[in-house]
Amino acid sequence: MSNAPLMPMATAVWLVENTTLTFKQIADFCKLHEVEIQGIADGEVAKGIKAYNPIISGQLSREEIDLSSKDENRPLNIKSSDIEISNNEKKIKKYIPLSKRQDKPDSALWLIKHHNILKDSQIAKLVGITKNSVTSIRNKSYWNYNNLNPKDPVALNLFTQKDLVEAIEKAERRIKREKKEKEKQSKSNQVSL
């Protein structure tokens, strides 16, 4: 990955206008040619480019600029800040076009047939339809049941394979937990007899 600042030309414009750095220092920092920096100073290059302040964006500090301004041989050093990118943001409901909304009951039927351990509420949450609709599809009492064709919801891009795997694992954990509870219950019933 390049160590150039964000928007190098706009950053160079700001540095030329607001500092006493040499053209070489600015060129080295912005990964541009010295002649381009000379052109920016002369007003021939980067006409109409709005200056971008590297201090506000956190790429440079005022102290760094002052140190380099005093010593012509000292290069500007970009602040290295490791930005942590997390994928823990809230899930945003994805807009489903009208043409794909008819695929939701088909997807629910596919999930019922292929992953019958999933609860109706899990299927409803994955596919994006009501729990009552899923229950009626499972009971074959859905108003349009005869016209439903099972379709893979991952292939239809209603949700990801990861979401499906997580839902299946959750259902498997629930089944194990229920099985253990039944065993405990039957053991306690035998002991009490």
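Residues numbered from 1 in each chain as written. Predicted model: local features only at pLDDT ≥ 70, side-chain atom pairs only at ≥ 80, totals over all residues. Heavy atoms only, no water.

Draft legend 1. Geometry of the pattern of salt bridges. Under the criterion given, the structure shown has seven salt bridges. Here D28 makes a salt bridge to K24, at a shortest N to O gap of 3.1 Å. One end of the pair, D28, and the other, K24, are both in helix α2 (residues 23–30), four residues apart, so they sit about a helical turn from each other. Judged by its relative accessible area of 41%, D28 falls in the partly exposed class. Of the charged contacts in the structure, one is a salt bridge between R74 and E64, with a shortest N-O distance of 2.9 Å. Pair noted here: R74 is in the loop between α4 (62–70) and α5 (98–101) and E64 is in helix α4, with a separation of ten residues, a long-range link. (Salt bridge = Lys/Arg side-chain N within 4 Å of Asp/Glu carboxyl O. Helix = DSSP H or I, 4+ residues; strand = E, 2+ residues; numbered from the N terminus. Buried < 20%, exposed > 50% of the residue type's maximum accessible area, 1.4 Å probe, protein only.)

Draft legend 2. Looking closely at helix α8 (residues 131–138). The complete set of buried residues in α8 reads S133, V134, S136 and I137. All buried residues of α8 fall inside an arc of 165 degrees around its axis, so they share one side. On the buried face of α8, the contacting elements are α6 (103–114) and α7 (120–127). Residue K140 follows α8 closely and has a positive phi angle near 60 degrees. (Arc of directions from axis to C-beta. Contact = heavy atoms within 4.5 Å.)

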